Amino acid sequence: MSCRRGALIVLEGVDRAGKTTQCHKLVQALQQSGRAAEMMRFPDRTTKIGKLISSYLEKKSNLEDHTVHLLFSANRWEMVPLIKQKLEQGINLVVDRYAFSGVAFTSAKPGFSLEWCMNPDVGLPKPDLVMFLQLNPNMAANRGEYGIERYETSAFQRTVHQRFEQLMQDSSVNWKVIDAARTIEEVHKDIKLLSEDIISLAENQPVGELWR
Ligand code: ADP
Ligand code: 2DT
């Protein structure tokens, strides 16, 4: 007897929108309701490629812009066998950032088109649901100072936000915009409901291919 597959659920949004907080809460809630669920995050800084990326983000090393874009994508591709295996085992995966962050961040740099940035990630396992945690830059600023990593400036984050808006025009992806300016519990309630719905829908469908 084949088991029902798990759903691939992604949380996206700008810095401090609450992605990590909500991923943890969602995994916990799904597990408490008797569903298998695990969290993943990108970049996954634990792999060899992830360590190169981490050093770049920490500004301990420099990498050419195209090169680091391809490394971020490779960091997702190296996880694809594991992602597929977990979904087939019926485990729901809750993912903190995915290819959408990859495209939004690189295309916020001068000289990078959305199309060029999307190409390396074409064919990745397609998320069944992508929730975009919407938070305006002023609200994000109230949640604490930016850190010292690369990309952590308000001007760059504003451009990243515009790129996300462009990506959300693509109806081939199941985007849901979540108002992230509310309390942690209010945001969680919406995310949990949307996730439960998609888990029921996805279990009878094959995993799709992103942007193909
Ligand atoms: P992200 O992963 O999107 O960068 P985090 O989940 O790390 O965001 O949250 C950033 C900061 O904002 C943390 O200090 C967190 O406790 C706080 N935070 C998260 N969600 C909310 C919320 N809904 N209201 C107020 N503060 C929040
Ligand atoms: P956190 O580990 O704090 O989420 O920051 N990024 C992420 C990219 O530029 N390309 C990508 O493909 C991904 C997944 C976003 C990671 C930083 O790396 C950026 C912020």
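Look up a bit, the structure's there.
To keep things clear, this report deals only with the structure shown in the data block.

Rules of the game
- Numbers given to residues run from 1 along each chain, matching the order in which its sequence is written.
- Chains and ligands are labelled by the order in which they are written, letters from A for the one and numbers from 1 for the other.
- In keeping with the predicted nature of the model, local features appear solely for residues at pLDDT of at least 70, side-chain atom pairs appear and are counted solely at 80 or more, and the whole-chain, interface and lining totals rest on all residues.
- Hydrogens and waters are ignored; side-chain quantities use all the structure's heavy atoms.
- The helix and strand labels rest on DSSP assignments: H or I over at least four residues marks a helix, E over at least two residues marks a strand, and numbering proceeds from the N terminus.
- Contacts: residue pairs with any heavy atoms within 4.5 Å of one another.
- Three exposure classes are used, based on accessible area relative to the maximum for each residue type with a 1.4 Å probe and protein chains only: buried under 20%, partly exposed in between, and exposed over 50%.
- A pair of strands counts as paired when DSSP detects no fewer than two bridges linking them.
- Fitting a line to C-alpha atoms yields each axis, with helices limited to the stretch in contact; the angle taken between N-to-C directions then spans 0 to 180 degrees.
- Aromatic rings from Phe, Tyr and Trp, taking only the six-membered ring of Trp, are treated as a pair when their centres fall within 6.5 Å; an angle between ring planes under 30 degrees marks them as stacked, one over 60 as edge-to-face, and anything in between as tilted.

### Re the environment of Ile 184
- Summarising the element assignment, Ile 184 is placed in helix α9 (residues 184-202).
- A C-alpha to C-alpha distance of 30 Å links Ile 184 and Gln 89, two positions 95 residues apart in sequence.
- Sequence-distant contacts of Ile 184, that is, excluding residues within four places in its chain, are made with Thr 21, Gln 22 and Lys 25.

### Focus: the pairing of strand β3 (residues 92-96)
- Where burial is concerned, most of β3 is hidden: five out of the five residues are buried.
- Of the pairings in the sheet, the one linking strand β1 (residues 8-13) to β3 comprises four bridges and is parallel in character. For Val 10, the partnering residue across the bridge sits in β3 and is Val 95.

### Structural notes on the sheet that holds β1
- Taken together, five strands build an open sheet; the order of strands is β2-β3-β1-β4-β5 and the sheet is parallel. Since the sheet does not close on itself, it has two edges, and those belong to β2 (37-41) and β5 (175-179), each with one partner. Across the sheet, the mean angle separating the axes of adjacent strands is 25° when strand polarity is ignored.
- In this structure, strand β4 (residues 129-134) lies alongside β5, joined through five bridges in parallel fashion. Within the sheet, the bridge partner assigned to Leu 133 lies in β5 and is Ile 178.
- Where helix α8 (residues 154-167) meets the sheet, it contacts β1, β4 and β5, and its direction lies at approximately 145° from that of β4.

### Looking at the packing of aromatic side chains
- Inspection of every chain in the model, using the stated rule, returns ten aromatic pairs.
- Ring geometry for Phe 105 against Tyr 151: centres 5.4 Å apart, planes inclined by 55°, an arrangement best described as tilted. Placement of Phe 105 in helix α5 (residues 99-106) and of Tyr 151 in the loop between α7 (137-142) and α8 is noted, with a sequence separation of 46 residues between them. Across this residue pair, the class does not change: Phe 105 and Tyr 151 are buried.

Everything listed is a geometric property; what it means functionally is a separate question.
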